[in-house]
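Chains, contacts and geometry: an overview
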Amino acid sequence: MTPVSDPSSFSTVSKCATKHLNLIYHVDFDKRVLKGKVALTLEVLEDKFSSLVQFLEILSFVQSCITNHSVSQALCFPSLSQRVLVELECCNKLVVLKRSSLSYGIFRIAVFNLRANYMGFSTFLGFYSIYNLSQMCILATHCRSMIPCQDSPSVKHTYYAQVSVPKELVALMSALHDGQVPDPSDSSRVIYRFRQPVSVTSSSLTESCFLLTVYQTETMLKTAESLAGPYVWGQYDLLVMPPSFPYGGMENPCLTFVTPTVLAGDKSLAGVIAHEISHSWTGNLVTNRNWEHFWLNEGHTVYIERMIARCMESEHLRQFKGIGGWKELQESVNQFGANNVLTNLVPNLHEVDTDEAFSSVPYEKGFALLYHLEELLGGPEVFMGFVKSYIQLFAYGTVTTEEWKNYLFTYFKDKVDILNKVDWNAWMHTPGMAPVKPKYDTTMADACTALCQRWVKAKEEDLASFTEEDVKKLNSPQLIEFMALLLQEEPLPLSHVKKMQEVYQLNSVKNAEVRFRWLRICVRAHWEEAVPLALKMATEQGRMKFTRPLFKEVYNFSKYSDKALNTFKENRGALHPVTAMLVAKDLKING
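Each chain carries its own residue numbering, running from 1 in the written order of its sequence. With pLDDT at 70 or above as the cut-off, local features in this predicted model cover only qualifying residues; side-chain atom pairs require 80 or more to be listed or tallied, and sums for whole chains, interfaces and linings still use all residues. Heavy atoms from the whole structure form the basis of all side-chain values; hydrogens and water molecules are not counted.

Moving on, we get to the overall build of the protein. Within the protein, the secondary structure is distributed over 19 helices and 20 strands. Across the 591 residues of the protein, 60% fall into the buried class. Contacts: residue pairs with any heavy atoms within 4.5 Å of one another. Intrachain contacts of the protein at a sequence separation of at least 6 include 72% that bridge at least 24 residues. What sets the accessible areas is the Shrake-Rupley method with a 1.4 Å probe; for residues, cover comes only from the shown protein chains. Approximately 24,200 Å² of the protein is accessible, and the part contributed by carbon and sulfur atoms is 52%. What counts as a helix is a DSSP run of H or I of at least four residues, what counts as a strand is a run of E of at least two, and both are numbered from the N terminus. Here's how the labels work: a residue is buried when its accessible area is under 20% of the maximum for its type, exposed when over 50%, partly exposed in between, all with a 1.4 Å probe on protein chains only.

A word on helix 8 (residues 401–411). Buried within helix 8 we find Thr401, Glu403, Trp404, Tyr407, Leu408 and Phe409. For helix 8, the secondary structure elements touched by its buried residues are helix 3 (294–312), helix 6 (361–377), helix 7 (380–394), strand 20 (397–399), helix 9 (416–419) and helix 10 (424–429).

Moving on, we come to the UniProt feature "active site" (unreviewed entry) in the protein. UniProt positions are given in the numbering used here, feature names are shortened, and annotations may be inferred rather than shown by experiment. On the UniProt side, "active site" (unreviewed entry) is annotated at positions that read Glu276 and Tyr363 here. Their sequence span is 88 residues, while the largest C-alpha to C-alpha distance among them is just 12.8 Å; these annotated residues converge on one region. Within the secondary structure, Glu276 sits in helix 2 (residues 267–278). By relative accessible area, Glu276 is classed as buried at 5%. What Glu276 contacts, discounting residues up to four positions off in sequence, is Tyr236, Gly249, Met250, Glu251 and Thr256. Here Tyr363 is to be found in helix 6. The class of Tyr363 is buried, set by a relative accessible area of 17%. In this view, Tyr363 contacts His275, Phe294, Glu298, Gly299, Val302 and Phe358; residues no more than four positions away in its chain are not counted.

Both site types are read off a 1 Å grid over the protein atoms alone. A 1.4 Å probe that fits but cannot get out defines a cavity, while an open set with protein on both sides within 12 Å along at least five of seven lines defines a pocket; lining residues have an atom within 4 Å of a point. Grid points are joined across faces, edges and corners, and a volume is the space filled by probe spheres set on the points. Tallied over the full model, the rule gives 5 cavities of 30 Å³ or more. As a volume, the largest cavity reaches approximately 60 Å³. Every residue lining the largest cavity is listed: Leu486, Leu487, Glu489, Glu490, Pro491, Leu492, Ile521 and Arg524. Elements that contribute at least two residues to the lining of the largest cavity include exactly helix 13 (476–487) and helix 15 (512–524). Considering only residue class, the lining of the largest cavity consists of 5 nonpolar, no polar and 3 charged. Only Asp, Glu, Lys and Arg are considered charged in this grouping, and only Ala, Val, Leu, Ile, Met, Phe, Trp, Tyr, Cys and Pro are considered nonpolar; every other residue, Gly among them, is considered polar.

Glycine aside, negative phi is the norm for most residues, and most peptide bonds take the trans geometry. Even without being a glycine, Glu351 presents a positive backbone phi close to 60°. Here Glu351 is to be found in the loop between helix 4 (315–336) and helix 5 (354–357). One non-glycine residue, His526, lies in positive phi territory at about 60°. With respect to the element layout, His526 can be found in the loop between helix 15 and helix 16 (530–540). By relative accessible area, His526 is classed as partly exposed at 42%.

Quick look at the structure:
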């Protein structure tokens, strides 16, 4: 494996690697504190190894399990949290640091007491603290807010965990359930046990106490296996998160988180689950070595997700999803600016907060590259063969863009002349839109485009020609596309938007993807009645895809800028910390 530094971590990944992690957690809802112990098994990778940099946002060390060795803390670059430097006295090729011995490859560090920034203790649906969510699973590096760990995707390890929770709750982790027992120290609690025999990254460690919901995913899993190879994780669970969950879904080995905003979304839920299932191969089984190569996770996952749609529905649907993805890429590029290096497929993340770098670029620019290569190299079946082979080669490990590219040239050794004509620098290291726009089939998009243009070109006297039949001909994905097209145009006149509500009754639509776009259209047209509806949607859930644009639209309506600011400040505490941080930045709030 080629050594690659990780600009998003101080962890000494070139000097040692975590091989196993043993966790004991006690979730205290009353105090909103997570208490625990951890033992890390390390492999030392160099001679004279003398210090280990780990990360933890800490209230205090209760006790050090490292006898006669110093533990010091130093504040570092804020997005990299606090650095804990553990100095080791004895440094052989393999070092064991136990309570009383120094030999082989294991050490135990610290009984710790912390209140993690990215741990959600919440009141939801009238029940106090019925869920406890570690957001480290959805964020690039925030596992370090909960446990001393090598917070880099280049390090993979197995783990075992025991989690004590009130007995009326259920604990879940990104691992196989290994039984449960009463907590011997408290009869009102139960200890859930988990084991993960497949090596995972620290960002894949997750525990949650909430309610489990089941969705029929067997066909998707079987389809994904036929495309990408065997599913190695043993079980697959789905967890519907509280409304504040900031993403559509989040992949964890054995366990997928999904936002409740997709539950009324027809095929929206299926699309989210297909994406997260695909991560079982690209993201969890094969992982980007650091976050600069995040597109390897997400671009391939979008590619497999849309191949699942092709197999289960139609090639037309895959093409239609590609059209929608290109619009999402355009929106991200517009938001960052076409010259912003964060729109590179492989960005430089030195001293960049990974939360602020997050966008659709690695997803959709990555997919656009893979689709472009598919067209050049022989079509979907041929290119999916490469993707499956790539997964098999790098399974259980990590990979960089250069290694991916080298294997691409090896796999298609008889088509090197074609690959040499690809402008790799433009694709990988140049900001802005992808250098080649795919030529997608527009069969499903044509009706959306036609209806959009009717509204854009309509004069006042033409409004009577619109009827509810216009949208009855469209399915949910097409209605979403129609709205997305309108958002790319100049704002509609207020009279047009009011007529659209009159004939289509869009205020009553429950599909969150439709509703969010519709409310943006209304606010852009300065329809004042839509402002409270937009702010209500922005605060009754916390999915960043919806919350950030809705706040920005109201803020940009100058008459209601203060209303947007005040509403955000009143509801900030209910949002996920990263969502709150980014909305504050959108609204130009300091501190």
